[in-house]
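Survey of secondary and tertiary structure
The chain contents come next:
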Amino acid sequence: MVLRLQTSLTGEQTPDADRQEPRKAQKAKAKDGLGKTEEVLLPLLEELAEKKPEDLAVILGDDLTRHVKVIGKLYSRVQLVRNLLSKAQGIQRAMEADFSRKALEVQKEADEAKGKAAEEAEGKAASTKKTDAKPVAKKATTKPKARPAATITPRKVAVQKKSEVKPVAEEPEATPAQ
């Protein structure tokens with residue numbers, strides 16, 4: 001049986017089963033490690049942070065120097081992991097932006113294709129209408145008749161009210177049928 005490789009919205013191939021298994025294992029291990037850090041190490045460090053330096057000097061005694069070195073190594077590893085996670089966040093944001101950009105391009109191409117298909121359908125429909133339809137006679141357009149100018153004496157203007165004065169409205173010209 002032949003398996004086809006699926007492609008995502010952006011045209012990238014989805015990983016096959018051989019690649020997905022190691023990724024799932026790595027993801028689970030990383031989450032487990034970070035989960036343990038959060039569950040175990042963070043509470044221990046918080047407990048140590050609540051102690052007074054005098055108490056730690058007495059409690060740890062001769063092992064104090066070794067614990068300072070261990071915490072120093074832990075600190076450097078935490079900084080390294082923190083930097084890696086910050087870079088990973090930047091990469092993730094860039095990937096999301098790239099995916100969004102590609103998705104917009106795909107959507108734009110689909111819209112353009114849909115628009116072209118609609119234009120072609122309209123063009124075909126218009127060409128069949130032109131061949132099937134009989135020519136339509138153009139209607140003669142009539143110009144509105146000019147009214148003679150009325151002579152109004154100043155005495156009549158004072159007597160007329162605004163509501164009595166009716167403006168001459170022009171009739172719209174008929175447009176030819178398309």
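Residues numbered from 1 in each chain as written. Predicted model: local features only at pLDDT ≥ 70, side-chain atom pairs only at ≥ 80, totals over all residues. Heavy atoms only, no water.

1. Thoughts on the environment of Ser 76
Within the secondary structure, Ser 76 is located in helix α3 (residues 64-132). Given the relative accessible area of 40%, Ser 76 is considered partly exposed. Of note is the side chain of Ser 76, whose polar atom sits 2.8 Å from the backbone oxygen of Lys 73. (Helix = DSSP H or I, 4+ residues; strand = E, 2+ residues; numbered from the N terminus. Buried < 20%, exposed > 50% of the residue type's maximum accessible area, 1.4 Å probe, protein only. Polar contact = N/O pair within 3.5 Å; in protein donor to acceptor, adjacent residues only side chain to side chain.)

2. Side note on the pattern of salt bridges
Throughout the structure, instances matching the rule amount to four salt bridges. In this structure, the salt-bridge partner of Arg 101 is Asp 98, at a minimum N-O distance of 2.5 Å. With Arg 101 and Asp 98 both in helix α3 and three residues apart, this pair spans about one turn of that helix. With a relative accessible area of 40%, Arg 101 lands in the partly exposed category. Glu 105 serves as the salt-bridge partner of Arg 101, at 2.8 Å between the closest nitrogen and oxygen. Here Arg 101 and its partner Glu 105 are both found in helix α3, four residues apart, which amounts to about one turn of the helix. Connected via shared salt-bridge partners are Asp 98, Arg 101, Lys 102 and Glu 105. (Salt bridge = Lys/Arg side-chain N within 4 Å of Asp/Glu carboxyl O.)

3. Some details on helix α1 (residues 17-49)
Taking 1.5 Å per residue, 33 residues should reach 48 Å; α1 reaches 46 Å between its end C-alpha atoms and fits that length. Taken as a whole, α1 carries its principal kink of about 35° at Leu 41; the proline Pro 43 stands between one and four residues after it. (Expected span 1.5 Å × (residues − 1). Bend = angle between axes of the 7 residues up to and from the residue.)

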